[in-house]
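# Reading the structure
In case you want the letters, here they are:
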Amino acid sequence: PDVIEPDDARMLADFLDVLVRGAGARFFGVRVDGNVVAGAQLMARDGVAQVEDVVTLTAHRGQGFARAAVLAAIRS
């Protein structure tokens, strides 16, 4: 869904922090009018990388924003 409850958002943020510290996760997003509307996660370790969790808000789909986030991730 495009809306998340505050408690769920905190739990997700804590989990993402674990991914950053433990697995070197990096996150890439696309902003429209200051709001993140699409994003992708890059996991990389020992020369191997994987793009995960590619998402776009419903109202912004079909405009290439997720593609832009993935391309930014693989170019980093």
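Look a little higher up for the structure.
Residues numbered from 1 in each chain as written. Predicted model: local features only at pLDDT ≥ 70, side-chain atom pairs only at ≥ 80, totals over all residues. Heavy atoms only, no water.

## Some words on the pattern of salt bridges
Overall, the coordinates contain two salt bridges when judged by the stated rule. A salt bridge links Arg10 to Asp7, with the nearest nitrogen and oxygen atoms 2.4 Å apart. Highlighted residues: Arg10 and Asp7, both in helix 1 (residues 6-23), separated by three residues, approximately one helical turn. Between Arg21 and Asp17 there is a salt bridge whose closest N-O contact spans 2.9 Å. In this pair, Arg21 and Asp17 are both assigned in helix 1, four residues apart and thus about one turn of the helix distant. The exposure class assigned to Arg21 is exposed, which follows from its relative accessible area of 61%. (Salt bridge = Lys/Arg side-chain N within 4 Å of Asp/Glu carboxyl O. Helix = DSSP H or I, 4+ residues; strand = E, 2+ residues; numbered from the N terminus. Buried < 20%, exposed > 50% of the residue type's maximum accessible area, 1.4 Å probe, protein only.)

## Regarding helix 1
With 18 residues, helix 1 should reach 26 Å at 1.5 Å per residue; the first-to-last C-alpha distance of 25 Å fits that figure. Just beyond helix 1, the residue with positive phi is Gly24, at close to 65 degrees. (Expected span 1.5 Å × (residues − 1).)

## Some words on unusual backbone geometry
Positive phi values are uncommon outside glycine, yet Asp33 reaches one of about 55 degrees. The exposure class assigned to Asp33 is exposed, which follows from its relative accessible area of 76%.

## With respect to the pairing of strand 2 (residues 35-45)
The pairing of strand 1 (residues 26-32) with strand 2 spans seven bridges and is antiparallel. Within strand 2, the position partnered with Gly29 by the bridge is Gly39. Connecting the antiparallel pair strand 1 and strand 2 is a turn made up of two residues, with Asp33 showing a positive phi of about 55 degrees. By the bridge criterion, seven bridges tie strand 2 to strand 3 (residues 48-56) in an arrangement that is antiparallel. Note that in strand 3 the partner of Leu42 across the bridge is Val51. Linkage of strand 2 to strand 3, two consecutive antiparallel strands, is achieved through a turn of two residues, within which Asp46 is found at a positive phi near 50 degrees. (Pairing = 2+ DSSP bridges.)

## Remarks on the side chain of Thr56
Relative to the helices and strands, Thr56 resides in strand 3. Aside from chain neighbours lying at most four places away, what touches Thr56 is Val37, Ala38, Arg61 and Ala66. (Contact = heavy atoms within 4.5 Å.)

This is a description of form; function is not addressed.
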